[in-house]
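Structure assessment
In case you want the letters, here they are:
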Amino acid sequence: MSGEALIRELRKLRACVIHPPDTVCSELVRHLKRIGCQVDTVWPVPDRWPAHADIVFCIFGDHSSLDVSGLKRDRDGTLIGIIEYESPTVVRELLEADVQAIIGKPIHPFGILSTLTVASSRYRFERRQNNKIAKLEETLRTRRVVNNAVRHLAAERSISEEQAYQCIRRWSLEGRASMTSVADQVLACGPELSDPNFQIKPKDAL
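Just so you know, these numbers come straight off a predicted model, no measurement behind them.

As a further point, take helix 6 (residues 179–188). Structurally, the α-helix is built with 3.6 residues per turn, so residues lying three or four positions apart point the same way. The element helix 6 is largely enclosed, with a buried count of seven among its ten residues. All buried positions along helix 6 are accounted for by Met 179, Thr 180, Ser 181, Val 182, Ala 183, Gln 185 and Val 186. Buried residues along helix 6 sit in contact with helix 4 (112–157) and helix 5 (161–175).

This is the structure in structure tokens:
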């Protein structure tokens, strides 16, 4: 996505500011509304990610009783930390929360738009990468299950692994089911697989 397109997208964002109601909070809300974001405020820190929030600005390290761990629950958006000072404890909290960016107090108009743009871009990139990783992991899991089922069927019927694979593939096509579903059922079967007339009836057949 181009920089201009991303900035246009920022104006559609639903932002949530998690901060005590004071002048700092009001100043940040004013800047975000000037950019064009829809803004809500929440205090104290909720026990989960605010519903419908695309981006959350949250205070870190400013209160001894502050607990931001709940924001990891149902998280579905960009997280930007607000800090007043730096310390090992604050830095650890920021890393554990996996923030995409940080802004410092006092809040100034300069840099808010840039922070929003970079943080949103980073979050989108991370989400795409995580989706790719999840797909690759599922592909590898599927291959392991199918390969194990092929070896199991080949051993039970005393046939080649290629013949066993084609058999599982045929059951998958005939039953309109995934190869993984058929493979799972093959692995659950025992000596009955040795019967050449035995067939798998996929549970997820249409």
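Text resumes after the structure shown.
Below, the discussion takes up the packing of helix 4 against helix 5. Between helix 4 and helix 5, whose axes approach to 8 Å, the crossing angle comes to 115 degrees. What the angle tells us is that helix 4 and helix 5 run roughly perpendicular. Seen along the crossing, helix 4 lies across helix 5 with a hand that is right-handed. Only Glu 161, Ala 164, Tyr 165, Cys 167, Ile 168 and Trp 171 of helix 5 make contact with helix 4, whose side of the interface consists of Val 146, Ala 149, Val 150, Arg 151, Leu 153, Ala 154 and Arg 157. Looking at the contact of helix 4 with helix 5 residue by residue, the class counts come to ten nonpolar, no polar and three charged.

Time to look at the sheet that holds strand 2 (residues 38–42). Strand order in the open sheet formed by five strands is 2-1-3-4-5, and the pairing between neighbours is parallel. Each of the sheet's edge strands pairs with one partner strand only, and the pair in question is strand 2 and strand 5 (101–104). The sheet shows a mean angle of 20 degrees between the axes of neighbouring strands, direction not considered.

A few words on the layout of surface pockets. There is about 190 Å³ of room inside the largest pocket. Lining the largest pocket are Glu 9, Lys 12, Leu 13, Asp 54, Asp 76, Gly 77, Thr 78, Ser 120, Tyr 123, Arg 124 and Arg 127. Here the lining of the largest pocket gets four residues from one element, more than from any other, and that element is helix 4. By residue class, the composition of the lining of the largest pocket is two nonpolar, three polar and six charged.

Position of Cys 25 relative to the elements: it lies in helix 2 (residues 23–35). With a relative accessible area of 6%, Cys 25 lands in the buried category. Along the backbone, Cys 25 and Thr 41 are 16 residues apart, and their C-alpha atoms lie at a distance of 8.2 Å. Apart from the residues lying within four places of it in its own chain, the contact partners of Cys 25 are Val 17, His 19, Pro 20 and Thr 41.

Each value, and the rule that gives it
Just so you know, the residues in each chain are numbered from 1, in the order the chain's sequence is written. Only residues with pLDDT of at least 70 get local features here, since the model is predicted, and only at 80 or more are side-chain atom pairs given and counted; chain-wide, interface and lining totals rely on the full set of residues. Hydrogens and water are ignored here; the side-chain numbers use all heavy atoms of the structure. With a 1.4 Å probe rolled over the protein chains alone, any residue whose accessible area is under 20% of its type maximum counts as buried; one over 50% counts as exposed, and the rest are partly exposed. We count a stretch as a helix when DSSP gives it H or I for four or more residues in a row; a strand needs E for two or more, and each element gets its number in order from the N terminus. We call two residues in contact whenever any of their non-hydrogen atoms come within 4.5 Å of each other. A fitted line through C-alpha atoms serves as each axis, taken over the contacting stretch for helices, and the angle formed by two N-to-C directions is quoted from 0 to 180°. With respect to orientation, any angle under 35 degrees is reported as roughly parallel, any angle over 145 as roughly antiparallel, any angle of 65 to 115 as roughly perpendicular, and every other angle as oblique. Whether a crossing is left-handed or right-handed is set by the direction in which the near helix is turned from the far one by less than a right angle, anticlockwise for left-handed and clockwise for right-handed. Each residue is assigned to one of three groups, with Ala, Val, Leu, Ile, Met, Phe, Trp, Tyr, Cys and Pro labelled nonpolar, Asp, Glu, Lys and Arg labelled charged, and all others, Gly among them, labelled polar. Strands are labelled as partners when DSSP assigns at least two bridges between them. For cavity detection a 1 Å grid was placed over the protein atoms alone, and a set of points counts as a cavity when a 1.4 Å probe fits there but cannot get out; an open set counts as a pocket when protein lies on both sides within 12 Å along at least five of seven lines, with lining residues being those that have an atom within 4 Å of a point. Grid points are joined across faces, edges and corners, and a volume is the space filled by probe spheres set on the points.

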